[in-house]
Amino acid sequence: MPPKDGKSAKNKGGNISKAERERLQREADEQRRREEEEARVIAEREENERLERERIEQEKQEQLELKDRERREDELNELRHILDENHSAVTAWESEHRDKAKWERYMRCDGSPDPSVQPEINSFISLWREDSETQIQRVLENCALALQLTNELDFLLSEGPDPSVPQQYRETLLCLQSLIHCKLNQATEELLKSASSHSDIETGNMQTSVQDENITLCLWANLNKNPRFKGFRFEEVGLGFELPKPLAVIDIAVRILHTRHDHLSHHSEQEQLQRRRSMMEAVLTPPIESIATVQDEKMEGEGDEGESSKPVEEDSRSVRSDSRKRSAVSVISAKEGRKSSSVKPLEEGECQMEEITTTLEADQNGSDSSPAEPVIDSSEVHIVDLQQFTPLGGVFYFDVFHLPPQSHIVKGWEMRELLETGLQVFPYPTEQSCAQSSTSVRLDEHSSTVASLPVGVTVALPDSILFLEDPHVARWDPIGQHWRADFISEASYDAETRSISFEMNAFYAFTLLQESYINMPFQSWELRPLGQDSALFTITGALIEVSITVKGKQCMLHMEETKNLDHLLGKWMSPSDLQKAMQRAGINIFVNEYSDKYVSINSKDPLIEHTVYEQMALMSSAVAFSWSRWNTQCGQEHLVLQACEQLEAGPVAEEAWSLYLLGAQRNQHLKMKEHNDSFSPELAEGSEFHSTFLHMLRQDMSTEGQARVRQSHYLYTDTVQRLLCATRVLTYS
């Protein structure tokens with residue numbers, strides 16, 4: 001029987017000779033060597049090809065850089081010439097506009113004084129102060145005129161008058177503000193004198209409200225002295241109050257005076273601004289005693305101490321020059337002395353300043369001495385930071401007065417006791433109210449006195465204000481001249497009625513607050529042309545979207561799903577007027593030199609940023625610009641944004657956008673798109689380097705687009721630039 005095939009094959013395999021195995025091994029080694037050689041040749045060829053590509057790319061890069069350097073001076077000079085021409089034209093127009101406004105003011109002839117002419121305004125103040133008119137409607141008319149004059153003075157101060165004039169304007173402004181309040185007090189006293197003759201039949205008390213477009217006056221006189229009285233609400237004006245029982249049985253009068261203007265906040269703003277500047281100076285200027293100590297140590301010739309003093313001086317110089325470091329990088333040379341307005345450099349944070357100051361003091365005093373711990377005054381904890389919060393809707397003066405003597409009819413004669421003390425404030429809390437509240441032995445947060453029974457207030461939010469969150473409440477401290485958040489409790493907001501109720505331990509002036517930067521950082525933005533000298537600037541904030549139409553030198557605000565802003569929406573205004581009106585209405589998209597302390601920003605070199613805004617404004621009649629997510633990943637010295645030519649007034653197609661990488665020395669059109677997964681600085685095909693963003697965009701523009709840019713009016717360009725510089729969308733988005 002023949003053997004099985006499987007068994008036969010196994011036997012054959014097991015009987016392979018040594019020579020056969022060596023032959024097979026040699027063939028396998030030769031095969032491996034051939035494969036390795038082939039792989040080496042392929043890798044060498046690929047490496048050579050890569051090196052050749054890199055060489056070609058390097059040569060191309062060098063050629064583009066050489067070409068850019070050759071035309072750099074011409075491009076910078078052309079841009080500088082355009083900007084200087086526009087700036088000169090805008091300056092001349094503004095000067096002519098001011099002269100025209102002065103002439104129109106002089107020719108008004110309506111009987112109102114010119115606040116810029118000192119004799120006229122002094123005569124007006126003197127005559128009004130001596131005027132004995134106390135009828136409320138007449139007083140409100142005079143107050144309206146005075147408020148108009150204060151607005152004119154505010155405008156004159158914002159225009160930057162001669163150095164000798166501002167102090168004079170400020171004194172006049174404060175005098176008018178004080179006189180307005182004095183006249184309102186006199187009118188209040190006159191109304192209270194006749195309270196008994198205007199008492200309400202149902203309540204037995206006098207309650208009345210008078211208002212105009214600037215002021216609302218609510219008065220309640222306690223004639224009935226009902227111990228069960230809780231409070232009263234002036235339904236027609238949306239204001240109300242609640243009184244504790246001790247006040248319900250006393251001859252008092254309660255006033256809620258709502259002024260749409262705010263004559264208090266500027267006192268606190270000036271003090272806080274002065275404090276911030278003092279902190280800056282304290283950091284940037286080393287103490288004189290410390291410098292003298294270092295010099296004495298040098299003269300003593302002590303090696304170790306002398307050597308340790310050198311880094312102190314270097315640190316001091318570096319701190320003093322810190323604010324100048326960033327300005328060294330500029331597309332336009334600093335020696336040209338740019339006249340156009342520039343974005344102020346971002347200052348170092350307050351915490352960082354304190355650390356630098358502590359380090360310097362520690363170095364100068366020796367390594368053994370430890371820095372003193374900062375002492376925080378507990379009374380300052382509740383002071384409202386007016387950079388972080390914005391008062392909205394004016395000021396509500398919540399006061400309680402002694403009720404003046406009322407008239408009596410005796411045998412047909414009306415008799416009234418006349419007092420020369422004027423309107424007298426009723427002191428609250430009183431000893432009686434404190435005694436009644438002492439059963440709970442509630443102690444004041446910053447005082448050892450027993451807390452008083454609280455008084456309640458209800459305020460309907462002004463219709464002209466857009467609150468993006470539940471409003472905060474602050475009371476005015478007349479001694480410290482600050483808004484404070486303490487001694488306010490039980491605050492509750494009713495979204496349905498848009499009213500807020502709260503309690504205070506005494507009668508204070510109060511205001512409603514909103515976070516200044518609640519709508520920041522921006523989520524995206526777009527600047528899109530609508531035609532010649534017209535564009536639409538849209539910012540999508542953290543909570544709401546805001547659109548501003550620019551046409552010539554005028555701006556108009558657009559917003560969706562908003563009510564009661566008819567005084568603001570769809571109205572043409574100058575950029576400065578629009579900014580003030582939006583901030584007064586609670587719509588803030590504007591920043592200042594302190595905003596970065598309260599907003600998480602994408603820090604950029606402010607000089608590069610400002611130069612880009614100037615060039616965006618020049619091109620905005622024909623080029624659309626938009627936010628890019630890659631701007632956060634390109635470093636502080638570079639900017640990334642999207643741009644494309646847009647000659648039609650409509651949305652930009654997604655595929656039309658191109659990415660641009662902008663820097664101090666070079667601008668380039670990127671090959672990548674916004675939706676790419678990773679960032680690449682590779683240059684777009686057929687593109688070149690340019691020293692300015694203006695020339696970078698020009699290289700791919702149509703003839704029609706270039707003509708539209710050349711024909712852009714200087715006032716339109718200036719308006720767009722102001723909006724961009726005021727919002728700083730490249731940093732705050």
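Residues numbered from 1 in each chain as written. Predicted model: local features only at pLDDT ≥ 70, side-chain atom pairs only at ≥ 80, totals over all residues. Heavy atoms only, no water.

Taking an unreviewed UniProt entry as the reference, the protein chain is identified by name as Dynein axonemal intermediate chain 7 belonging to Onychostoma macrolepis. As stated in UniProt under Sequence similarities (unreviewed entry), the record for the protein chain gives "Belongs to the DNAI7 family." (UniProt positions renumbered as here; feature names shortened; annotations may be inferred.)

A. The environment of N631, seen in detail. Along the polypeptide, N631 turns up in the loop between β19 (623-626) and β20 (639-645). The class of N631 is buried, set by a relative accessible area of 3%. Expressed as a C-alpha distance, the spacing of N631 and T731, which sit 100 residues apart in the sequence, is 8.9 Å. Discounting chain neighbours no more than four positions away, the residues touching N631 are N602, K604, H638, L639, V640 and L730. (Helix = DSSP H or I, 4+ residues; strand = E, 2+ residues; numbered from the N terminus. Buried < 20%, exposed > 50% of the residue type's maximum accessible area, 1.4 Å probe, protein only. Contact = heavy atoms within 4.5 Å.)

B. Geometry of the packing of aromatic side chains. Inspection of every chain in the model, using the stated rule, returns 15 aromatic pairs. Geometrically, the ring pair formed by Y517 and Y598 is stacked, given 6.0 Å between the ring centres and 15° between the ring planes. Taken together, the residues span a long stretch of sequence, with Y517 in the loop between β14 (509-515) and β15 (524-531) and Y598 in the loop between α12 (575-584) and α13 (606-619) at a distance of 81 residues. With a relative accessible area of 8%, Y517 lands in the buried category. Among the aromatic side chains, those forming a connected cluster through ring pairs are W220, F229 and F241. In this structure, R475 packs its charged tip against the face of Y508, placed 4.5 Å from the ring centre. (Phe/Tyr/Trp six-rings, centres within 6.5 Å; stacked < 30°, edge-to-face > 60°. Lys NZ or Arg CZ within 6 Å of the ring centre and 35° of its normal.)

C. Just helix α16 (residues 714-727), in detail. The end-to-end C-alpha separation of α16 is 20 Å, in line with the 20 Å expected for 14 residues at 1.5 Å each. Most of α16 sits out of view: twelve of its 14 residues are buried. All of the buried residues along α16 are L715, Y716, T717, D718, T719, V720, Q721, L723, L724, C725, A726 and T727. Of the residues trailing α16, R728 is marked for its positive phi of about 50°. (Expected span 1.5 Å × (residues − 1).)

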